[in-house]
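# Architecture and fold: a report
As a plain string of letters, each chain reads:
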Amino acid sequence: MKIKHIICTVFLVLIALKSNAQMGIEKRADKDYAQYAYIDAIATYERVAEKGYKDDKMFQKLGNAYYFNGELIKAAKWYDALFAMNTEQEPEYYYRYAQTLKATGDYAKADKTLEAFNKKINTDKRGILFKNNKNYLEQIKANSGRFKIADAGINSIQTDYGSAYYDNKIVFASARDTGGVVRNTFKWTNKTFTNLYSAELKSDGTVGKPERFENKINSKFNESTPVFTKDGKTMYFTRNNFLDGKRGIDEQKITLLKLYKADFADGKWTNVTELPFNSNQYSTAHPALSKDEKKLYFASDMPGTLGQSDLYSVTISSDGSFGKPENLGPAINTEGRETFPFISAENELYFASDGRPGLGGLDVFVSKISNEGTFSAIQNLGAPINSKQDDFAFIIDSEKRNGFFSSNREGGNGNDDIYRFTEIRKLLCEQILKGIVVDLETNKIVDNAKVILLDEQFKVIAEVVTGTDGSYTFKVDCGKNYYIRASKQDYETKELPVAIKTVTGETNLSISLEKRIKPIGVGTDLAKTLDIPIIYFDLDKSIIRKDAAFELEKILAVMKQYPKIKIDVRSHTDSRQTDKYNIDLSDRRAKTSVQWLVKNGIAPNRLTGKGYGESQLVNNCSDGVPCTEAEHQLNRRSEFIIVSME
């Protein structure tokens, strides 16, 4: 249902057909489509398509009509037809097509379509997540098989979804016909509007007979996804923009979704008010309370939303007022739909998303919320919670390890159905970051080195000192990015980024430290000791460049520190040009380097210089041997050899 999906992106483009009569039918369908009357539009477009007409805009709308109603297999038929036309498509259609292909079970083609999507728009997080998780099906498989599921026993032939715990009952939304004289229908789906129902939770895990929730809460429009405070005195819920008999509309005259609050007093729910951050121009829906009930989480497409719908949180003050809604950010939200949040007693955020690698449609994901409010690695719950269709509205009793979720998977009673589950194995991802610290030159173990673990904001998390085996170990969160900083006296401090894997196991990172105190003696090449680049001169030139002067400053500093050192400057070229030319060029380069050092205060008797041309190549790139530019560069070098220290 539309209330389930919250947000739909609609392309309102008229289709030009050959026949005037067909054009009239199409225009009527366009009007229905623009007003979200999907059922009417589907019938009209399909009648046109059945007569053999092919038009990419028509196929887009047919695909979208089913896609936005969660009927992904039917949408795949029309997206197939759309892409068979080989016309240029907006990137979003590649993503939708991939989602529908997953619903049909064709993951190989879905992955290829996602690769094409990522090429079209390589900044979209959905494509980036796929690119970085090509083995997502293996990861999902590893997370699967942890639940036993069954029909909740409360489903009708209509839509039933979105449950919450309340007073040893489950409260949920249902579009079942209660037998009234007037049957209100939801134009988007041609089904009855949803109202709230409740059913008793029995000790054997089954659910009692559903009963209509209090009339003060239910209206002639949609109600869904309630959440209740622990004391049972306050509820938050989703409803179409309707209060005190007045229906609100946006600029397109559409009645969107809002969040409402109600109080329980004198045995009744009363004082229904809308939350202050609602708007007629965007939707807010699907509330969830934090563990301490000081924050309300919800889904919205309000300004600032990163995708089609994002998850937000807002603080609840002690006086009942609300702060400013805050987007949970790119750690959670994508350009797709993030919706149906739920916070468990273990401070885990469960939510549904179609923007992350999954089995198809909306999948349920989970992330642990830290004490600082950050989120751990996001994990797909796997099958059987997730399927090829839409799976959402997951809630769990953390103590009993059972709960409910909703899905429109095959084999259900209605469009959406509620399923109950028991978790038989918790989803644990435990990662150890470990490695050894070694000397860069000798590769020997470095003991007593301090190793620090930092988060992405460079905040220190933990630190250890290596033992005689040079090893370090940290317990880290799966899927997070960290920095490792290693240091020891007489060594240069080194810092490295590290990405932790998203499955249980170990991440290894060895660290090589470079000595700050480096021994020198007769025969030492100061260019290597001081890590001076091997290229100082442009091709065929002997002029000291600005960057070369910077490197020569290092030689100058050492010669001033040790006034008795004498150095022989040796310049080399690659094999290109003639032997004589290269000898002359290298000799000029050597003498130019000597002149620079003398000009900057080094006595001439401490310096000698000579060019060796191509006579001392460091590789096989001699005359007539094909070599890369990088290989030739290795031979264009200068050496600063200590010939005396007395």
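Right, let's walk through the structure included here. Quantities reported herein were computed from a predicted structural model and do not represent experimental measurements.

## Overview of the overall build of the protein
Regarding its fold elements, the protein presents 13 helices and 35 strands. The buried share of the protein, taken over its 646 residues, is 52%. Of the contacts made within the protein by residues no fewer than 6 positions apart, 57% connect residues no fewer than 24 positions apart. Accessible surface computed for the protein: about 30300 Å², of which carbon and sulfur atoms make up 49%.

## Observations regarding the sheet that holds strand β21 (residues 379–380)
The antiparallel open sheet is built from 4 strands, whose spatial order is β18-β19-β20-β21. Edge positions in the sheet fall to β18 (338–343) and β21, since each has one partner strand and no second. Bridge count for β18 against strand β19 (residues 348–353) is 4 bridges, and the pairing is antiparallel. If you follow Glu338 over to β19, its bridge partner there is Ser353.

## Remarks on the packing of helix α7 (residues 107–120) against helix α8 (residues 125–132)
As a packed pair, α7 and α8 sit with axes 9 Å apart at the nearest point and diverge in direction by 125 degrees. Our classification of the angle between α7 and α8 gives oblique. Taken as a pair, α7 and α8 cross one another with a handedness that is left-handed. Counting all contacts with α7, which are made through Asp111, Leu114, Glu115, Phe117 and Asn118, the residues of α8 involved are Arg126, Gly127, Ile128, Phe130 and Lys131. Among the residues forming the contact of α7 with α8, the class breakdown is 4 nonpolar, 2 polar and 4 charged.

## So, empty space enclosed by the protein
By the definition in use, this model includes 2 cavities of 30 Å³ or more. Estimated volume of the second largest cavity: approximately 30 Å³. Together, Tyr95, Lys102, Leu114, Arg126, Phe130, Arg356 and Pro357 line the second largest cavity. For the lining of the second largest cavity, the elements supplying multiple residues, two or more each, are α6 (91–104) and α8. By residue class, the composition of the lining of the second largest cavity is 4 nonpolar, no polar and 3 charged.

## A short note on unusual backbone geometry
Between Ala383 and the following residue, Pro384, the backbone shows a cis peptide bond with an omega angle of 5 degrees. By the element assignment, Pro384 lies in the loop between β21 and β22 (391–397). Backbone geometry places Asn347, a non-glycine residue, at a positive phi of 60 degrees. We note that Arg401 has phi near 60 degrees; this positive angle belongs to a residue other than glycine. Looking at the element boundaries, Arg401 is found in the loop between β22 and β23 (402–407).

## Quick look at the packing of helix α4 (residues 56–68) against helix α5 (residues 72–84)
At their nearest, the axes of α4 and α5 sit 7 Å apart, and the two run at 165 degrees to each other. In terms of orientation, α4 and α5 fall into the roughly antiparallel class. You can see that α4 and α5 cross each other, and the crossing is left-handed. Where α4 approaches α5, its residues Asp56, Phe59, Gln60, Leu62, Gly63, Asn64, Tyr66 and Tyr67 are matched on the opposing element by Leu72, Lys74, Ala75, Trp78, Tyr79, Ala81 and Leu82.

## Focus on the nonpolar core
With 32 residues, the main nonpolar core has Met58, Leu62, Tyr67, Trp78, Tyr79, Leu82 and Phe83 as its most contacted residues. Counting only elements with at least two residues in this core, the list comes to α3 (38–50), α4, α5, α6, α7 and α9 (136–143). Val207, Tyr350, Ile395 and Phe421 belong to the second largest nonpolar core, which has 24 residues in total.

## Considerations on the environment of Phe394
Mapped onto the secondary structure, Phe394 falls in strand β22. Given a relative accessible area of 3%, Phe394 falls into the buried group. Note: C-alpha distance between Phe394 and Phe351 (43 residues apart in sequence) is 7.2 Å.

## Remarks on the environment of Lys388
One can find Lys388 in the loop between β21 and β22. A residue is classified by how much of its surface remains accessible, and Lys388, at 39% relative accessible area, is partly exposed. The sequence separation of Lys388 and Gly361 amounts to 27 residues, and the corresponding C-alpha distance is 6.5 Å.

## Considering the packing of aromatic side chains
By the definition in use, this model includes 35 aromatic pairs. Positioned above the aromatic ring of Tyr93, the side-chain terminus of Arg96 is 4.9 Å from the ring centre. In this arrangement the basic side chain of Arg126 is found over the ring face of Tyr95, its NZ or CZ atom lying 4.3 Å from the centre.

## A word on helix α11 (residues 546–561)
The end-to-end C-alpha distance of α11 is 23 Å, a good match for the 22 Å that 16 residues give at a rise of 1.5 Å each. Every buried residue belonging to α11 is among Ala548, Ala549, Glu551, Leu552, Ile555, Leu556, Val558 and Met559, and all of these are buried. The elements touched by buried residues of α11 are α10 (526–529), β33 (566–571), α12 (579–599), β34 (607–611) and β35 (638–644).

## With respect to the pairing of strand β27 (residues 460–465)
The pairing of strand β26 (residues 450–454) with β27 spans 5 bridges and is classified as antiparallel. Following the sheet pairing, Lys450 is matched in β27 by Val465. The turn linking β26 back onto β27 is made up of 5 residues, and Phe458 within it adopts a positive phi angle of 65 degrees.

## Topic: the sheet that holds β22
Strands sit in the order β1-β24-β23-β22 across an open sheet of 4 strands; the sheet is antiparallel. Only two strands of the sheet have a single neighbouring strand rather than two, namely β1 (147–151) and β22. Each strand axis lies, on average, 25 degrees off the axis of its neighbour in the sheet, ignoring direction. As paired strands, β22 and β23 are joined by 5 bridges and run antiparallel to one another. Note that in β23 the partner of Asp397 across the bridge is Asn402.

## Considerations on the side chain of Ser144
The topology assignment puts Ser144 in the loop between α9 and β1. Ignoring sequence-local partners within four residues, the contact set of Ser144 consists of Gly382, Ala383 and Arg425.

## A few points about the pattern of salt bridges
Applying the stated criterion to the full structure yields 26 salt bridges. A salt bridge links Arg126 to Asp124, with the shortest nitrogen-to-oxygen separation between them at 2.9 Å. Both residues of the pair, Arg126 and Asp124, count as buried.

How each quantity is defined
Residues numbered from 1 in each chain as written. Predicted model: local features only at pLDDT ≥ 70, side-chain atom pairs only at ≥ 80, totals over all residues. Heavy atoms only, no water. Helix = DSSP H or I, 4+ residues; strand = E, 2+ residues; numbered from the N terminus. Buried < 20%, exposed > 50% of the residue type's maximum accessible area, 1.4 Å probe, protein only. Contact = heavy atoms within 4.5 Å. Areas by Shrake-Rupley, 256 points an atom, 1.4 Å probe, with all protein chains shown as cover. Pairing = 2+ DSSP bridges. Axes fitted to C-alpha atoms, helices over the stretch in contact; angles between N-to-C directions. Parallel < 35°, antiparallel > 145°, perpendicular 65-115°, else oblique. Left-handed = near helix turned anticlockwise from the far one by under 90°. Nonpolar A, V, L, I, M, F, W, Y, C, P; charged D, E, K, R; others polar. 1 Å grid on protein atoms, 1.4 Å probe; cavity = no way out; pocket = protein on both sides within 12 Å on 5 of 7 lines; lining within 4 Å. Points joined across faces, edges and corners; volume = space filled by probe spheres on them. Core = buried A, V, L, I, M, F, W, Y, C linked by side-chain atoms within 4.5 Å. Phe/Tyr/Trp six-rings, centres within 6.5 Å; stacked < 30°, edge-to-face > 60°. Lys NZ or Arg CZ within 6 Å of the ring centre and 35° of its normal. Expected span 1.5 Å × (residues − 1). Salt bridge = Lys/Arg side-chain N within 4 Å of Asp/Glu carboxyl O.

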